Amino acid sequence: DAGITQSPRYKITETGRQVTLMCHQTWSHSYMFWYRQDLGHGLRLIYYSAAADITDKGEVPDGYVVSRSKTENFPLTLESATRSQTSVYFCASSESSPTATNSPLHFGNGTRLTVT
Amino acid sequence: QQPVQSPQAVILREGEDAVINCSSSKALYSVHWYRQKHGEAPVFLMILLKGGEQKGHDKISASFNEKKQQSSLYLTASQLSYSGTYFCGTEMNSGGSNYKLTFGKGTLLTVNP
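Residues numbered from 1 in each chain as written. Chains lettered and ligands numbered in written order. Predicted model: local features only at pLDDT ≥ 70, side-chain atom pairs only at ≥ 80, totals over all residues. Heavy atoms only, no water.

**Q** Sorry if this is basic, but what is going on with the sheet that holds strand 8 (residues 76-78) of chain A here?
**A** Sheet strands pair via backbone hydrogen bonds, and the direction of the pair is either parallel or antiparallel. Residue and element names in this part refer to chain A. Ordered by their spatial adjacency, four strands build an open sheet running 1-3-8-7, and the pairing between neighbours is antiparallel. Only two strands of the sheet have a single partner each, and these edge strands are strand 1 (4-7) and strand 7 (64-66). Adjacent strand axes in the sheet meet at a mean angle of 15° when their direction is disregarded. As paired strands, strand 1 and strand 3 (residues 19-25) are joined by four bridges and run antiparallel to one another. By the bridge assignment for strand 3, I4 is matched with Q25. (Pairing = 2+ DSSP bridges. Helix = DSSP H or I, 4+ residues; strand = E, 2+ residues; numbered from the N terminus. Axes fitted to C-alpha atoms, helices over the stretch in contact; angles between N-to-C directions.)

Structure representation (structure tokens):
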């Protein structure tokens, strides 16, 4: 089915482990984004990408790594997970620049990550 | 820097109206509005680009005042289905060139029967 999918939906990991959250979209959207959502903070941008092989830091990039070798995939890696990275992570995509056009963000269903 | 939303929470009875504000200390170029129901992903409502336009979507409309650097979301004759957290997302001060959307902390809207 067309859309944007995230996997896994739930993940529990231990402090210090590396974990990768997957994001896949079938629309061939150019722009993709990773946000984390925490109580009291709303949605905070971690990393974003305008196209394959183009990525940039958002508001809270420390401790995260992204790559975008293919347009449809935008994985997010926590290199050494910490308890402060316990959160709900949302991936989103946009057909064109969401800030310069009428192009909305389409969000995945989220990954709930718990770091113990 | 996040845009500031107010109020943080509002409780309504079905049929009542509400206004949610989104303001910034920097010049705004565009404003997005999204609604998120508990346990679900945010869903797009509308976008307003620079120009002071007002948009409508059923009984939900929004305005964008560049001079005040503020956008307001108007919910008229609220329905139970309007319950959720409303987020504004903005791009500040670069004329739309950096495609980075920054969200406010959200406004929790509860509509009771």
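On we go from here.
**Q** Sorry, what's going on with the interface of chain A and chain B here?
**A** Contacts between the two partners involve 27 residues from chain A, matched on the other side by 24 residues from chain B. Both sides of the chain A and chain B interface together cover about 2,100 Å² of buried area, and 61% of this is carbon and sulfur. Scanning the region where chain A abuts chain B turns up zero salt bridges. Counting the contacts that link chain A with chain B gives four residue pairs in polar contact (both at pLDDT 80 or more). Elements represented by at least two residues in the side of chain A that touches chain B include exactly strand 4 (31-38) and strand 5 (42-51) of chain A. A per-element tally of the side of chain A that touches chain B places strand 5 of chain A first, with six residues. Taken together, the residues of the side of chain A that touches chain B sort by class into 14 nonpolar, twelve polar and one charged. (Contact = heavy atoms within 4.5 Å. Buried area = accessible area lost by both parts, 1.4 Å probe. Salt bridge = Lys/Arg side-chain N within 4 Å of Asp/Glu carboxyl O. Polar contact = N/O pair within 3.5 Å; in protein donor to acceptor, adjacent residues only side chain to side chain. Nonpolar A, V, L, I, M, F, W, Y, C, P; charged D, E, K, R; others polar.)

**Q** Looking at this model, I keep getting lost on the pairing of strand 2 (residues 9-13) of chain B. Mind explaining?
**A** Successive side chains on a regular strand alternate, one facing one side of the sheet and the next facing the other. Residue and element names in this part refer to chain B. Judged by which residues are buried, strand 2 turns out to be one-sided: V10 and L12 face inward and are buried, whereas A9, I11 and R13, on the alternate face, are not. Strand direction decides the pairing type here: strand 2 and strand 11 (residues 107-112), joined by five bridges, are parallel. If you follow R13 over to strand 11, its bridge partner there is N112. (Buried < 20%, exposed > 50% of the residue type's maximum accessible area, 1.4 Å probe, protein only.)

**Q** For this particular structure, what's the right way to read unusual backbone geometry?
**A** Most of the time, phi is negative for any residue but glycine, and the peptide bond is trans. Of the consecutive residues S7 of chain A and P8 of chain A, the connecting peptide bond is found in the cis state with omega at -5°. Secondary-structure assignment places P8 of chain A in the loop between strand 1 and strand 2 (10-13). Following S6 of chain B, the chain continues into P7 of chain B via a peptide bond in cis, with omega recorded as -5°. Mapping P7 of chain B onto the fold places it in the loop between strand 1 (4-6) and strand 2. Even without glycine at this site, S28 of chain A takes up a positive phi of about 65°. A residue is classified by how much of its surface remains accessible, and S28 of chain A, at 58% relative accessible area, is exposed. Here A77 of chain B, not a glycine, exhibits a phi torsion of approximately 50°, which is positive. With respect to the helices, strands and loops of the structure, A77 of chain B is situated in the loop between strand 8 (70-75) and strand 9 (84-92). We classify A77 of chain B as partly exposed; its relative accessible area is 24%.

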